[in-house]
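Each chain, written out:
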Amino acid sequence: VGDINYNLTPAQWLTVYKASSDNVVNRRLAISAAVKEIEDSNSQVLIDMAMNDSWHSIRQLALEYLSRIKGDQWKEKWKGKVWKLATHDTDNIARATAFSLLGDWDVKEAKLDMLAAIPDSSYSVAGAALDALDDITMPGDDTTYKIAKEMLGKEPKGDLRIAVWEIIAEKGNASDAML
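This section reports on the structure supplied with the text. (Residues numbered from 1 in each chain as written. Predicted model: local features only at pLDDT ≥ 70, side-chain atom pairs only at ≥ 80, totals over all residues. Heavy atoms only, no water.)

It is worth spelling out unusual backbone geometry at this point. Comment: phi is negative for the bulk of residues other than glycine, and the bulk of peptide bonds are trans. Positive phi values are uncommon outside glycine, yet Asn 7 reaches one of about 55°. The backbone of Asp 106 shows a phi angle near 60°, a positive value even though the residue is not glycine. Look at Asp 106 and you get partly exposed, because its relative accessible area is 35%. (Buried < 20%, exposed > 50% of the residue type's maximum accessible area, 1.4 Å probe, protein only.)

Below you can see the structure in the form of structure tokens.
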């Protein structure tokens with residue numbers, strides 16, 4: 001099993017993306033190629049377009065690929081857009097992915113939005129927001145631990161349950177062993 005090598009330039013991938021409004025596979029391939037050459041302005045335009053795509057799976061994929069890119073300049077370039085997706089996207093999985101990215105990027109300014117998303121009806125969004133909040137919290141601050149303990153009493157499900165238990169386990173209080 002091997003990789004298919006298309007040998008297209010970033011400008012050509014941008015053209016493929018623009019011409020593929022009804023072809024999700026081509027758009028996914030174009031995003032994958034763009035992040036490999038993210039320094040190219042055409043690749044950056046393609047990522048911008050992907051984060052505004054009408055298909056939630058394309059927005060989510062763009063966010064996932066952004067999480068793999070190294071360098072603070074990319075964080076600064078896309079922080080505002082990622083933050084907007086975290087708080088306003090219509091798809092819960094895309095919102096959850098955006099919150100995770102904000103946590104990975106240590107965007108402390110998004111703390112209030114993370115706190116506001118913890119009671120979200122989507123366990124994916126709530127779990128990602130709690131996990132992101134934990135990522136940006138300073139060592140020694142028990143905020144996320146207290147929230148996790150409180151959430152445990154509400155019998156969380158899905159991704160929220162995972163985040164709650166990870167935070168409680170990370171704290172390692174002996175009194176929590178009986179939970």
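Packing of helix H4 (residues 56-66) against helix H6 (residues 92-104) brings their axes to within 9 Å, and their N-to-C directions diverge by 15°. Considering their axes alone, H4 and H6 lie roughly parallel with respect to each other. With respect to the hand of their crossing, H4 and H6 are arranged in left-handed fashion. Between H4 and H6, the contacting residues are His 56, Gln 60, Leu 63, Glu 64 and Leu 66 on the first element and Ile 93, Ala 94, Thr 97, Ala 98 and Leu 101 on the second. Split into classes, the residues belonging to the contact of H4 with H6 amount to six nonpolar, three polar and one charged. (Axes fitted to C-alpha atoms, helices over the stretch in contact; angles between N-to-C directions. Helix = DSSP H or I, 4+ residues; strand = E, 2+ residues; numbered from the N terminus. Parallel < 35°, antiparallel > 145°, perpendicular 65-115°, else oblique. Left-handed = near helix turned anticlockwise from the far one by under 90°. Contact = heavy atoms within 4.5 Å. Nonpolar A, V, L, I, M, F, W, Y, C, P; charged D, E, K, R; others polar.)

Their axes nearest at 9 Å, the elements helix H9 (residues 143-152) and helix H10 (residues 158-171) cross at an angle of 130°. Accordingly, the angle class assigned to the pair H9 and H10 is oblique. Judged by the sense of rotation from one axis to the other, the crossing of H9 with H10 is left-handed. Residues Thr 144, Tyr 145, Ala 148, Lys 149, Met 151 and Leu 152 of H9 form the contact with H10, whose participating residues are Leu 160, Val 164, Trp 165, Ile 167, Ile 168 and Lys 171. Of the residues in the contact of H9 with H10, the class split is nine nonpolar, one polar and two charged.

In short, the description is geometric, and any link to function would need to be established separately.
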